[in-house]
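Structural description and commentary
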Amino acid sequence: MPFRLPAIPILALALTVSSHVLADPAPFLPPSNEAKVEAVLAQLTLEEKVALLHGSALFYSAGVPRLGIEEMAYTDGPLGVREEVSRDSWAAAGWTNDEATYFPSGTALAATWNPERVRECGAAMGREARARGKDILLAPAINVIRSPLCGRNYEYFSEEPALIAPLATAFIQGVQSTGVASCVKHFAVNNQETNRGTIDAQVSQRALREVYLRAFEAAVRDGQVAAVMGAYNHVNGLYACENPQLLNDILKEEWGFRGIVVSDWAATHSTVASARAGLDVEMGTVADFDAYFFAQPLIDAVKAGELEESVVDEMARRVLRVMAALGKLDSTTTRPQGEINTPRHSQIIREAASEAIVLLQNQGGQLPLDPAKLKTVAVIGDNAICPHAQGGFGASVKAAYEVTPLEGLRAALGPDVEIRHARGYQPQYLRGGPNDTRNVWELPVDQTPDPELFAEALEAAKGADLVIFIGGDDRNVESEAADRRTIALPFGQDALVSALAEVNPNLVTVVIAGAAVDLRTVRDRSAAVVWGWFNGAESGNALADVLCGKVNPSGKLPFTLPATLDQLGAHAVDAFPGNDEIVRYEEELFVGYRWLDAHALTPTFPFGFGLSYTTFTLSAPRLEGNHVRVTLRNTGERAGAETVQVYASFPGSTLDRPVRQLVGFRKVFLEAGTSAEVDIPLPDRNLASYDKESGQLVVQPGEYTLAIGTSSRSLPLQLVYQRH
Ligand code: BGC
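Residues numbered from 1 in each chain as written. Predicted model: local features only at pLDDT ≥ 70, side-chain atom pairs only at ≥ 80, totals over all residues. Heavy atoms only, no water.

Attention shifts here to the site of the ligand. The ligand sits among 14 residues. The nearest are Asp 76, Arg 152, His 186, Asp 264 and Glu 480. The side chain of Asp 264 places a nitrogen or oxygen atom 2.6 Å from an oxygen atom of the ligand. Burial of the ligand by the protein amounts to 95% of the accessible area it has alone, namely 310 Å². Classifying every residue of the shell around the ligand by side-chain character gives 6 nonpolar, 1 polar and 7 charged. (Near = heavy atom within 4 Å. Polar contact = N/O pair within 3.5 Å; in protein donor to acceptor, adjacent residues only side chain to side chain. Areas by Shrake-Rupley, 256 points an atom, 1.4 Å probe, with all protein chains shown as cover. Nonpolar A, V, L, I, M, F, W, Y, C, P; charged D, E, K, R; others polar.)

The next subject is the packing of helix α13 (residues 343-356) against helix α18 (residues 539-547). To characterise two packed helices, one gives the angle between the axes of the helices and the distance between these axes. The N-to-C vectors of α13 and α18 enclose an angle of 50°; their axes lie 8 Å apart at closest approach. The orientation of α13 relative to α18 falls into the category oblique. Crossing geometry of α13 relative to α18 is assigned as right-handed. Two secondary-structure elements touch here, α13 through Arg 350, Ala 353 and Ser 354 and α18 through Asn 541, Ala 542, Asp 545 and Val 546. (Axes fitted to C-alpha atoms, helices over the stretch in contact; angles between N-to-C directions. Helix = DSSP H or I, 4+ residues; strand = E, 2+ residues; numbered from the N terminus. Parallel < 35°, antiparallel > 145°, perpendicular 65-115°, else oblique. Left-handed = near helix turned anticlockwise from the far one by under 90°. Contact = heavy atoms within 4.5 Å.)

Relative to the helices and strands, Ala 42 resides in helix α2 (residues 34-43). Between the C-alpha atom of Ala 42 and that of Asp 313, which follows or precedes it by 271 residues, the distance is 9.2 Å.

Pairing between side chains of opposite charge can happen when their charged atoms approach one another. In total, this model carries 55 salt bridges according to the counting rule given. Between Arg 214 and Glu 160 there is a salt bridge, with the nearest N and O atoms lying 3.9 Å from each other. Of the two residues, Arg 214 sits in helix α8 (residues 214-221) while Glu 160 sits in the loop between β4 (136-138) and α6 (161-176), which places them 54 residues apart along the sequence. Given the relative accessible area of 2%, Arg 214 is considered buried. Classification of Glu 160 by relative accessible area gives buried; the value is 0%. (Salt bridge = Lys/Arg side-chain N within 4 Å of Asp/Glu carboxyl O. Buried < 20%, exposed > 50% of the residue type's maximum accessible area, 1.4 Å probe, protein only.)

We now examine the pairing of strand β22 (residues 675-681). Burial runs high along β22: 6 of the 7 residues are buried. Sheet topology note: the strand β19 (residues 627-634)/β22 ladder contains 7 bridges and is antiparallel. Looking across to β22, one finds that Val 628 is bridged to Ile 680. (Pairing = 2+ DSSP bridges.)

Okay, structure coming up:
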């Protein structure tokens, strides 16, 4: 059949998603508001200015009642708009209208490798925040995944800044298109929960700039984020919230950030030093709001001559600037009303969730399932029925609903397929009753599954046409305020998977988790392996869409699935989580796959990896300026999407550099049998390295090798890229 050359590229182009085209160039904090801001500022007393600069409730800071300026309302993301807590304690406020959409978590969104999808989710979350009357959404969370053990990895995006940056930018732009300010967090180098309130993250300037600050820089410069949350930890000797290098020099001076720096809740430790360092707003966790460092003590410091009032003016100016952008200074500006729990949002999260799912293995074309050929399916595992909108410690969503995998599968497989569910294992934690103040959902040493549940699961699996094991972590295993101790699958799941495979080799394993786990046993014993994430309220439907082939999977791993922890730099050099006081980032730039590449190690599944129900080929790579162009062809029988990835090496570099690192990517959807020329820009920021002399990120001239492919370990094409 001759190939219809003219028609197909047009179709393909129309469906191409860009990873680097930034919509909405209008500044979120426009200079045209400055006169209004100054006019308000000039009218304020010292007390009124200071009132803008600290929490007046757990999630509010004051406005100026005398001038009719309303208070600023904050809410947590990034899983969705948090349930309402009381003004002066963490107890639920007891609202009946604070249900919200539970969105796919950070790593799930990142697995789409699709900025447009992420932008759509950001906008939907923004609309929900608006509908709840909120001004500032505390999302996205974009810290680099340095170790799989970090308890908050599921909130974050990736181990690779070149992936985090465009996704964070898109999310922020989405949020801020709805009349809500986005607050990107946690600035900076907050890559663990162990001792997070005190630990000193000691990191070289080079790793800081090239790895840990890069996505924040994009959030500010490209995303025009209105607020930045200062982290709990120290960075190179100083608390992040009183660190002039981070806040004044880099964020405000160098990147031109004009918005507000808000402390993480109770991350402020001083009045004058923090104000001088560039912190603007102190938020906290306890109710003595007038005693906050940025409350009465700030007034006292000015009155005592310890701090110039001009410093307070600048802090207040920034708050007013954000208020102006939100229309809070101006009763004539109408703000969007937003919407919450709407069918449109359910549709958005279902599409995002199904696009996030990663097909890791598919032996013998076990997937997609054909319901017509199935009579009995055994669905095993606690995660088949376990909701994930809430759990552990930290931001949760009071989800309006959550479709579990079992419910999604029942709906998709229909009444003619008999589904037998058995839990197989039961999550167990050491945390005691309500008086146990530990934040840690520690796991018992003995991980032997409950023998009765185990036997029941094997019984259900025997003789079924298919076994779908749905395991992984839960939101207690992965939790804020605690790091995991191990990447082993909890609750004896490896033993269960092995036993299930013995009784029924038609085994599909679905891993529901937000961070890497050891999948060696699962990989070796399952015919197919699917990664399903903490994937939002439509997670069960999205999973069924992929398993049954309604959606062709296109997710790619945003982090490495290592065989063992020591395949990752921070663990190989024994630099996680540090001692009680200090964690030294001795692995330098060698985060994630970069360490495995440098040491020729084989992960269980590599960064950037993910299969499809169709097949793709790449050919004819060429360079056009700083764009890679390559032909992608869908050689299979189904429509599907592939993410073309470009990694750069710089053999001639005078610096110690990663063997290769991601410098560009683009996801493209293609109908079966069609092809398209894919355009992948290589932003200078991704090629740049830190120059000690000038203290700047510069692109070194010379010959770069570009490797092009569909995962960090499948790079069939090469180009030489000459930089002058
Ligand atoms: C977290 C932040 C969160 C804040 C308010 C802190 O413990 O680190 O991410 O936004 O609490 O809930």
